[in-house]
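# Structural features, examined
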Amino acid sequence: MTETQRTFVMVKPDGVQRGLIGDVIGRLEDRGLKLVAAKFVQIDRDLAEEHYGEHEDKPFFEDLVGFITSGPVMAMVWEGQDAVRQVRKMMGATDPAESAPGTIRGDYGLDLGRNVIHGSDHEDEGSWEREIDLFFDEEELVEYERIDEEWLYE
Ligand code: DAT
Ligand code: MG
């Protein structure tokens with residue numbers, strides 16, 4: 001059986017301003033993923049630079065940090081079978097122009113710099129733990145069972 005995982009997901013400032021928090025949460029809930037933590041916050045520069053540390057040498061780093069700190073974000077942790085990869089699939093490609101219709105970015109974005117959602121990288125082993133730790137304390141991660149869990153998993 002594929003392992004149960006936790007992944008860090010964030011509705012970015014454009015998604016918040018455009019009223020897409022509910023839709024994003026709804027899609028993840030409908031898929032069967034379980035919300036285990038959520039925080040509505042405005043990220044400061046230090047946190048943004050740390051979160052996007054892997055991109056610090058890229059030419060777009062300054063714009064990226066400026067954008068992610070420009071307004072509140074909805075930071076969350078979601079849990080489920082193969083959650084990291086499955087959320088990435090639901091998000092779509094990094095560039096919304098290349099994202100398939102039906103994905104979050106493919107349905108709501110047009111511009112690479114305004115791509116609505118962040119999700120931990122499934123190819124970057126350990127990135128999800130690092131990102132969850134950056135945004136949440138251990139006691140903020142809630143353990144409970146969804147009432148439909150026995151119908152979601154064989
Ligand atoms: P993802 O958000 O799909 O994990 P990433 O980690 O490669 O993509 O990049 C982080 C964010 O940086 C991405 O959501 C949008 C922005 N970005 C990535 N590549 C870019 C580029 N070539 N020009 C401008 N912004 C870029
Ligand atoms: Mg990434």
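These numbers come from a predicted model, not from an experiment. (Residues numbered from 1 in each chain as written. Chains lettered and ligands numbered in written order. Predicted model: local features only at pLDDT ≥ 70, side-chain atom pairs only at ≥ 80, totals over all residues. Heavy atoms only, no water.)

### Side note on unusual backbone geometry
Put simply, the rule is: Secondary structure is summarised from DSSP: a helix means a run of H or I of at least four residues, a strand means a run of E of at least two, and numbering begins at the N terminus for each.
One non-glycine residue, Asp82, lies in positive phi territory at about 60°. For Val116, which is not a glycine, the phi torsion comes out positive at approximately 70°. Structurally, the position occupied by Val116 is in the loop between helix H6 (104-108) and strand E4 (117-119).

### A few points about helix H5 (residues 83-91)
Our working definition: Each residue gets one of three labels from its accessible area relative to the maximum for its type: buried under 20%, exposed over 50%, partly exposed in between, using a 1.4 Å probe on protein chains only. Contact between two residues is taken to exist if any of their heavy atoms lie within 4.5 Å; hydrogens are not considered.
Where H5 is concerned, the buried positions are Ala83, Val84, Gln86, Val87, Met90 and Met91. The inward-facing, buried residues of H5 abut strand E1 (4-11), helix H2 (21-31), strand E3 (73-81), H6, E4 and helix H7 (127-135). In the stretch just after H5, Gly92 is the one whose phi turns positive, near 90°.

### Observations regarding the sheet that holds E4
Convention followed: Only strands that DSSP links by at least two bridges are regarded as paired with each other. Fitted lines through C-alpha atoms give the axes, limited to the stretch in contact for helices. The angle between two N-to-C directions lies from 0 to 180 degrees.
What the 4 strands build is an open sheet, ordered E2-E3-E1-E4; its pairing is antiparallel. Of all the strands in the sheet, just strand E2 (34-41) and E4 have a single pairing partner and so form its edges. Between one strand and the next, the sheet's axes are offset by a mean angle of 20°, whatever the strand orientation. In terms of strand pairing, E1 meets E3 through 8 bridges, oriented antiparallel. For Arg6, the partnering residue across the bridge sits in E3 and is Glu79. Contacts from H7 reach E1, E2, E3 and E4 within the one sheet, and its direction differs from that of E1 by about 55°.

### Re the site of ligand 1
So the rule is basically this: Working definition: residue near molecule or strand if any one of its non-hydrogen atoms lies within 4 Å of it. Here a polar contact means two N or O atoms within 3.5 Å. Within protein one must be a hydrogen donor candidate and the other an acceptor candidate, and residues neighboring in sequence count only if both atoms are side-chain atoms. Space inside and on the surface of the protein is sampled on a 1 Å grid over the protein atoms alone, with a cavity defined as a set of points where a 1.4 Å probe fits but cannot get out and a pocket as an open set with protein on both sides within 12 Å along at least 5 of 7 lines; lining residues have an atom within 4 Å of a point. For this analysis, a molecule is said to be in a pocket or cavity if more than half of its atoms are within 2 Å of the grid points defining it. Residue polarity is assigned by list, with Asp, Glu, Lys and Arg as charged and Ala, Val, Leu, Ile, Met, Phe, Trp, Tyr, Cys and Pro as nonpolar; anything else, Gly included, falls into the polar class.
Within the structure, ligand 1 sits among Lys12, Tyr52, His55, Phe60, Leu64, Arg88, Thr94, Arg105, Leu112 and Asn115. Here an oxygen atom of ligand 1 and a side-chain polar atom of Lys12 are 3.0 Å apart. Note that an oxygen atom of ligand 1 is positioned 2.5 Å from one of the side-chain N or O atoms of Thr94. Given that more than half its atoms are within 2 Å of the pocket grid, ligand 1 belongs to the largest pocket. When its residues are assigned to classes, the shell around ligand 1 shows 4 nonpolar, 3 polar and 3 charged.

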